Amino acid sequence: MNYRKEHIIYTLMWIALYLSPLMGIYMRMSGNPHIVFSWDEIINAWEFNTVWIVLFAIHNFLLVPLLIIKRRTGLYAALAVALLVATMFTLSAIRPSHRKMHHAPQRYECCRYNCKCSEMKASKRQPPQKREGGPLIMFRPGEMVAFFGGLLLMGMNLGVKLYFRSQEATKAIAQIEKHALERQLQYLKYQVNPHFLMNTLNNIHALVDIDPERAKASVVELSKLMRYVLYEGNNRLTPLSREVQFLRNYVQLMSMRYTGNVSISLDVPEVLPDSMLPPLLLVIFVENAFKHGISYRTKSFVEISLQPHGDRLLFSCRNSRPEIKHDENMKGGVGLSNVRRRLDLLFPGNYTLDIKEQEDTYTVHLDIPLTN
């Protein structure tokens, strides 16, 4: 795409350059009725433009790749100077004034006392003319203008080429970074699956000895959860309704393990918007609430709330803290450190995660954007 844009710029530039002599003579004719249209003037201007376009083509297709791709700076500079000098001589050779001077009539001088014209006297009194194409050609103003004009043209060509090349490099770097972030997110999600499975199996293992029938039912609930993890976990986004159903199934599975001393609530609106969010993003907080907030000896609670507000999702999870102790997973183990990193990658600067640890409660408030 950048290659096409670059050559569109060049094409428009040269079309404008070739049309400029026609526009110039038209403007002069409109301002002065005595000026007549001259194809000789137009053709001569086009000859000059052809020299410039040849210089441009050589520089664009031969010298610039030599500098940018092969990094041959010294060779590029030498060939660029040689190209400029060749352009100067070519423009000097096709200049109309130079051709006219070759065929200019002899100057004659009329003597004071007789009108006999003497070509010999005229030639003696006039300073010697510089030969066309001689070594002093490079010091005439016209040739110096050609030199710096060619230098400006090559600099413009090089600047445009480097600009579009930097654009391509920036796009390539952004693409590489995007793939790297996707791989990192995928790796983080792969960490979630075994972590989630390990905690769930521990809960089922505890039920096997207490109530085998409930353990069997929990295996069925686990199969529902694993189906979601298998088919939705690898997606970039999943419907909000499916994520909520997954949380319901998980809470149902956890409720089978505990007695009446544990209060568990899940507050979710009956009607949910057709919004999307990354899968398996909220279950980590719920896992931690059950793992660290439940005690068989004292009354415990887990309160989960999920409320969509416009294009935002407000999630909160509050649980009891039976004992004040250092929780590795709560402070930054596999679970929370994983979800923090995922939030940074998914919503950079566009989310709020507020964790409050009090003496007897632990509260998580999460505010993330939803995708329609």
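Predicted model, so just to flag it, every value in this text is computed and none were measured. (Residues numbered from 1 in each chain as written. Predicted model: local features only at pLDDT ≥ 70, side-chain atom pairs only at ≥ 80, totals over all residues. Heavy atoms only, no water.)

Further remarks concern the overall build of the chain. Looking only at helices and strands, the chain features eleven helices and seven strands. Out of the 372 residues belonging to the chain, those deemed buried represent 37%. Summarising the internal contacts of the chain: among those between residues at least 6 apart in sequence, 72% fall at separations of at least 24. Counting every atom, the chain has about 22,800 Å² of accessible surface; 60% of that belongs to carbon and sulfur. (Helix = DSSP H or I, 4+ residues; strand = E, 2+ residues; numbered from the N terminus. Buried < 20%, exposed > 50% of the residue type's maximum accessible area, 1.4 Å probe, protein only. Contact = heavy atoms within 4.5 Å. Areas by Shrake-Rupley, 256 points an atom, 1.4 Å probe, with all protein chains shown as cover.)

This paragraph deals with the pattern of salt bridges. Under the defined criterion, the tally for this structure stands at four salt bridges. The residue Arg321 makes a salt bridge to Glu357 at a minimum N-O spacing of 3.6 Å. Of the two residues, Arg321 sits in the loop between strand 5 (312-320) and helix 10 (328-332) while Glu357 sits in strand 6 (residues 352-357), which places them 36 residues apart along the sequence. (Salt bridge = Lys/Arg side-chain N within 4 Å of Asp/Glu carboxyl O.)

Two faces make up the sheet, and in a regular strand the side chains alternate between them. Where strand 6 lies against strand 7 (residues 361-369), six bridges are found, and the strand directions are antiparallel. Across the sheet, Ile355 pairs through a bridge with Val364, a residue of strand 7. Counting the residues between successive antiparallel strands, the hairpin from strand 6 to strand 7 contains three residues. (Pairing = 2+ DSSP bridges.)

Moving on: the packing of aromatic side chains. Counting across every chain of the model gives nine aromatic pairs. On the basis of an interplanar angle of 75° and a centroid distance of 4.8 Å, the ring pair of Tyr10 and Phe56 is categorised as edge-to-face. Of this pair, Tyr10 sits in helix 1 (residues 2-31) while Phe56 sits in helix 2 (residues 39-68), and the two are 46 residues apart along the sequence. Both residues of the pair, Tyr10 and Phe56, belong to the buried class. Ring geometry for Phe285 and Phe315: centres 6.0 Å apart, planes at 40°, overall tilted. With Phe285 in helix 9 (residues 283-293) and Phe315 in strand 5, this residue pair connects regions lying 30 residues apart in the sequence. Judged by its relative accessible area of 3%, Phe285 is buried. The rings of Tyr18, Phe37, Trp39 and Trp46 are connected pair by pair, giving a single aromatic cluster. (Phe/Tyr/Trp six-rings, centres within 6.5 Å; stacked < 30°, edge-to-face > 60°.)

Turning next to the environment of Leu66. Within the element layout of this structure, Leu66 appears in helix 2. Along the chain, Leu66 and Tyr76 lie ten residues apart, while their C-alpha atoms are 6.5 Å from each other. With residues up to four places along the chain from it excluded, the contact list for Leu66 reads Arg71, Arg72, Leu75, Tyr76 and Leu79.

So, on to the side chain of Arg321. Arg321 sits in the buried class, given a relative accessible area of 11%. Of note is the side chain of Arg321, whose polar atom sits 3.1 Å from the backbone oxygen of Gln358. (Polar contact = N/O pair within 3.5 Å; in protein donor to acceptor, adjacent residues only side chain to side chain.)

By size, the foremost hydrophobic cluster in this structure holds 42 residues, and its most contacted members are Phe290, Leu306 and Phe315. Looking at this core, the elements with two or more residues in it are helix 7 (212-232), helix 8 (240-255), helix 9, strand 4 (300-309), strand 5, helix 11 (334-346) and strand 7. Top contributing element to this core by residue count: helix 8, with eight residues. Once residues within four sequence positions are removed from consideration, Phe315 is found in contact with Leu282, Phe285, Val286, Ile304, Ser305, Leu306, Val364, His365 and Leu366. Trp52, Tyr76, Met154 and Leu158 belong to the second largest nonpolar core, which has 24 residues in total. (Core = buried A, V, L, I, M, F, W, Y, C linked by side-chain atoms within 4.5 Å.)

By the element assignment, Thr87 lies in helix 3 (residues 73-93). Thr87 sits in the buried class, given a relative accessible area of 6%. The residues contacting Thr87, other than those within four sequence positions of it, are Val51, Trp52 and Leu55.

This brings us to unusual backbone geometry. Residues other than glycine seldom take positive phi values, yet Leu280 does so here, at roughly 55°. Mapped onto the secondary structure, Leu280 falls in the loop between strand 3 (276-277) and helix 9.

Turning our eyes to something else, we now look at the sheet that holds strand 7. Taken in spatial order, the five strands make up an open sheet running 2-4-5-7-6, and their pairing is mixed. Since the sheet does not close on itself, it has two edges, and those belong to strand 2 (262-267) and strand 6, each with one partner. Put simply, the sheet's adjacent strands are angled 5° from each other on average, direction ignored. Pairing of strand 2 with strand 4 involves six bridges; the strand directions are parallel. Across the sheet, Ser263 pairs through a bridge with Phe301, a residue of strand 4. Helix 9 rests against strand 2, strand 4, strand 5, strand 6 and strand 7 of the sheet, and its axis sits at about 10° to strand 5. (Axes fitted to C-alpha atoms, helices over the stretch in contact; angles between N-to-C directions.)

The next subject is helix 2. A rise of 1.5 Å per residue sets the reference length of helix 2, with its 30 residues, at 44 Å; its end C-alpha atoms lie 41 Å apart and thus fit the reference within 8%. Its axis deflected by about 35° at His59, helix 2 carries its strongest bend there. (Expected span 1.5 Å × (residues − 1). Bend = angle between axes of the 7 residues up to and from the residue.)

End to end, helix 8 covers 22 Å across 16 residues, agreeing with the expected 22 Å (1.5 Å per residue, within 8%). Among all positions in helix 8, only Leu240, Glu243, Val244, Phe246, Leu247, Asn249, Tyr250, Val251, Leu253 and Met254 are buried.

When the pLDDT values of the chain are averaged, the result is 76; 76% of them are 70 or greater. Counting contacts from residues 128-139, a segment whose pLDDT is below 50, to residues more than four positions away or on other chains yields twelve contacts. (pLDDT = per-residue confidence, 0-100.)

Closest axis-to-axis distance for the helix 7/helix 8 pair is 9 Å, and the angle between their directions is 155°. The pairing of helix 7 with helix 8 is recorded here as roughly antiparallel in orientation. By crossing handedness, the relation of helix 7 to helix 8 is classed as left-handed. Residues Arg214, Ser218, Glu221, Leu222, Lys224, Leu225, Tyr228, Val229 and Glu232 of helix 7 pack against Arg242, Glu243, Phe246, Asn249, Tyr250, Gln252, Leu253 and Ser255 of helix 8. Split into classes, the residues belonging to the contact of helix 7 with helix 8 amount to seven nonpolar, four polar and six charged. (Parallel < 35°, antiparallel > 145°, perpendicular 65-115°, else oblique. Left-handed = near helix turned anticlockwise from the far one by under 90°. Nonpolar A, V, L, I, M, F, W, Y, C, P; charged D, E, K, R; others polar.)

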